[in-house]
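Listed below are the residues making up each chain.
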Amino acid sequence: MTGLIREIRFLASDRAALLWLGIALLVACMSVFLGLREIAAQRAELNELIEIDRTEREVVDALYQDWGEVAYYTFHLTWDSPSDFAFAALGQRDTSPWKHHIRALALEGQIYETDAENPDFALIGRFDFAFAANLLAPLLLILLLHDLRSAERTAGRYEWLSATAASRGSPWFARAVLRVGALALCLIVPLWAGGLPGGAGASTLVAASLVVVLHIAFWWGVCALVDRFGWSSPVNLTALVGAWLALAVIVPAAIRISVEAAVPLPDGGDILLTQREAVNDAWDLPKSATMDPFVERHPEWADYTEISQSFEWKWYYAFQQVGDQTVEPLSRAYREGRIGRDRLAGRLAWLSPPALAERALQAIAGTNMAASLAYEQRVRDYHAALRTYYYPRLFRDEAVSDASIGQRPEFHAMGD
Amino acid sequence: MMSMLLAQALSVVRSGQQVLKDVSFSIAQGEVHALLGGNGAGKSTTLLTFLGFLEPVSGSVHVQGRYVSENVSAARQAIAYLPEAATLYGHLNAYENLRYFLSLAGTDTNRRALDEALDRVALQAVARGMRMHTYSKGMRQKVAIAMAILREAPILLLDEPTSGLDPVAIDEFNRLVRDLAEAGRTILLVTHDVYGACHVADRIDLLHKGELVGAFDRPPGMDRIDTEAVHGAFAKYAGA
Ligand SMILES: Nc1ncnc2c1ncn2[C@@H]1O[C@H](COP(=O)(O)OP(=O)(O)OP(=O)(O)O)[C@@H](O)[C@H]1O
Ligand SMILES: [Mg+2]
């Protein structure tokens, strides 16, 4: 206990250590602040869109008397609300779409349109808490620990301190524990301070803190390992920064490259183009070219496939669906490719603790690939529900009524 | 009488080079023992071996009768060590440095005890509260000596304690060493200062290239060892 107080005082007089810890605190606070701001902006945007979505639909519903037109002009907002912890690890919310405007037309193009619209997303790389904790914190820990003993050796104090401490335990461990602990606090306190008021649950924050602590403990182990060689401070620093570069930068980049090489992925834009071509071509094809594959999928409408006029809504919606059917293999390959890449990346992440910690935080935040795919699935399910709703009305040529419109499925976001 | 410090046929190798060969001596309680020798003779190595930082390739060292290799922390606890070129923390003042080290040793000290020790090494009172990077070499050495006194360990291993001290301070230090010995402390002193060693030591061992090449005892009834004889022997080996 007296030893701890002694080392706390000693740490308090160590300006370099205080500087690194101060930077850690600042970086953590900034990342939490920016993350919260980003999520608040996403929420505000969503709230606004949800409101616009509702009022627009009311207007459209009053305008059209024909199910074909209603389905054509009615857009539905789908969205993935950020979790209360998403601020800490923006993850896929930075690179994949989390909101769509869909209608009962061909879906695949609508899903991947957003991909084509936001190509610059992935290039920026967000400064979030996960970035601060997983990438910057190890570097600061290295600066805090690399010369713990070597500096004393250089100053000729090493044997003196060790001999003086004798059996009471050397000061090295206490010094390391304090620095590691202080760094962890500099990260975790801002995380809790930002997360708790925002509604992130205590168990979520405990889990995230555990990830941060385990990751820092790993880097402590690396520092301790390098320390055993008894090198000088500059050599220690070089070795540790080298290890950081390898594990935090080079290995993750290598993982990305090898995952991309190992698991091929069709271009999201290709799905969009192929589907649009299929839909555009349908205009010039005989009606049967649309209705035959449509009925194959929907035998219940086999008795309604006669198209007598040059344009009929049911034919129009049928070729929209056939457009989706055309790109189904491509779309499935795209989804499976992303799942496959994510799974492989998850396994390879064991080679890079920073990457592993990043994945863990994104899983806790619900911003990982699984969450993104789950949202995409909700969009598909909702779109399918819309078709199920419109088809009987279109094929049986029912009259539009408020009561019938009232039965139209509404989109519900996860957790809403 | 049990010997406080005992080296038996001690041989030590550092970086593949034999730096101590078959060194034997014994120091009883209350004795001041000086280890004299030129640069690289193996004096500091001897002290580090007593502290358990170096392991003998043959022979052994014992502290208070206990085999150091098997009782490193007991040996360290019994010893107050003053390293050569001792640098304290420059960003702390004398009090803070002393408190830090003494707390490390588990010694409780109040401000008055610190001041008494600093008085004994004659460190100016005005300097005591100043950060030690503002100190001269001798002032730093005085604080390091004060630390060794404050440890209240039965054994003192002092590596060139007078380096950097002015002649007056050296005289005071020599008197201090005698006082400590009379109070029952056992002192092994490494030095280049033939004159000082002759005045404070009960016995001087001359170390040359890792071997003991001469021993001089203070004759009974005399207050010092014959400086001429020691100087002659020292010069002979230094020239060799
Ligand atoms: N850290 C070390 N690693 C390897 N060899 C060392 C080391 N320190 C000293 N030596 C070698 O051990 C031998 C004895 O060194 P030691 O420091 O004991 O001499 P010394 O008598 O204290 O000399 P000085 O009067 O210069 O302090 C020298 O030959 C030196 O080269
Ligand atoms: Mg020496």
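Cut-off values and rules
- Residues numbered from 1 in each chain as written.
- Chains lettered and ligands numbered in written order.
- Predicted model: local features only at pLDDT ≥ 70, side-chain atom pairs only at ≥ 80, totals over all residues.
- Heavy atoms only, no water.
- Core = buried A, V, L, I, M, F, W, Y, C linked by side-chain atoms within 4.5 Å.
- Buried < 20%, exposed > 50% of the residue type's maximum accessible area, 1.4 Å probe, protein only.
- Helix = DSSP H or I, 4+ residues; strand = E, 2+ residues; numbered from the N terminus.
- Domains from an automatic or database assignment.
- Contact = heavy atoms within 4.5 Å.
- Near = heavy atom within 4 Å.
- Polar contact = N/O pair within 3.5 Å; in protein donor to acceptor, adjacent residues only side chain to side chain.
- Areas by Shrake-Rupley, 256 points an atom, 1.4 Å probe, with all protein chains shown as cover.
- Nonpolar A, V, L, I, M, F, W, Y, C, P; charged D, E, K, R; others polar.
- Expected span 1.5 Å × (residues − 1).
- Bend = angle between axes of the 7 residues up to and from the residue.
- Donors = N, O, S within 2.8 Å, 3.2 Å for Na, K, Ca; no water.

K.L.:
Any chance you could explain the nonpolar core here in plain terms?
P.N.:
Nonpolar side chains tend to gather and get buried jointly when the protein is soluble and globular. The biggest cluster of nonpolar side chains holds 94 residues, and the ones touching the most others in it are L157 and I204 of chain B. Of all the elements, helix α5 (residues 137-150) of chain B adds the most residues to this core, at nine residues. Looking at this core, you find at least three residues from each of domain 1 (1-78 + 159-240) and domain 2 (84-152) of chain B. Residue contacts for L157 of chain B: discarding those within four places in its chain leaves L5, L47, F50, L51, I79, A80, Y81, L82 and L188 of chain B. By size, the runner-up hydrophobic cluster in this structure holds 50 residues, among which are V32, L144, V180 and L183 of chain A.

K.L.:
Can you walk me through the site of ligand 1 in this structure?
P.N.:
Residue and element names in this part refer to chain B. For ligand 1, the set of nearby residues contains 15 residues, the closest of which are G40, K43, S44, T45 and H192. The side chain of R14 places a nitrogen or oxygen atom 3.2 Å from a nitrogen atom of ligand 1. Take G40: an N or O atom from its main chain is 2.8 Å from an oxygen atom of ligand 1. The fraction of the free accessible surface of ligand 1 (630 Å²) that becomes covered by protein chains is 68%. A per-element tally of the shell around ligand 1 places helix α1 (residues 43-50) first, with three residues. Looking at side-chain class alone, the shell around ligand 1 contains two nonpolar, nine polar and four charged residues.

K.L.:
Just to check I follow, could you spell out helix α6 (residues 129-145) of chain A for this structure?
P.N.:
Residues and elements named next belong to chain A. Over its 17 residues, α6 runs 22 Å from end to end, which matches the ideal 24 Å to within 8%, given 1.5 Å per residue. Where α6 bends most, at L136, the angle is about 40 degrees, and the proline P138 comes one to four residues later. Among the 17 residues that make up α6, twelve are buried, leaving the element largely enclosed by the rest of the structure. Of all the positions in α6, only F129, A130, A132, A133, N134, A137, P138, L140, L141, I142, L144 and L145 are classed as buried. Those residues of α6 hidden inside the fold are in contact with α2 (15-63), α9 (171-198), α10 (202-227), α11 (233-262) and α15 (353-365).

K.L.:
It is not clear to me how the environment of A201 of chain B should be interpreted in this structure. Could you clarify?
P.N.:
Within the secondary structure, A201 of chain B is located in the loop between α7 (194-200) and β9 (203-208). In this structure the C-alpha to C-alpha distance between A201 of chain B and D217 of chain B, which are 16 residues apart in sequence, comes to 8.3 Å.

K.L.:
Even after reading the chapter, I still don't get the coordination of the magnesium ion (ligand 2), so can you show me in this structure?
P.N.:
Four donors placed tetrahedrally about a metal ideally form angles of 109.5 degrees, and six donors placed octahedrally ideally form angles of 90 or 180 degrees. All names here are of chain B. For the magnesium ion (ligand 2), the full set of protein donor atoms is S44 (OG), E84 (OE) and E84 (OE), at a range of 2.0 to 2.7 Å. A residue pair is termed long-range when its members are at least 10 positions apart, and S44 in helix α1 and E84 in the loop between β6 (79-82) and α3 (94-105) qualify at 40 residues. Its relative accessible area of 18% is what places S44 among the buried residues. By relative accessible area, E84 is classed as partly exposed at 35%.

These results come straight from atomic positions and should not be treated as a statement about function.
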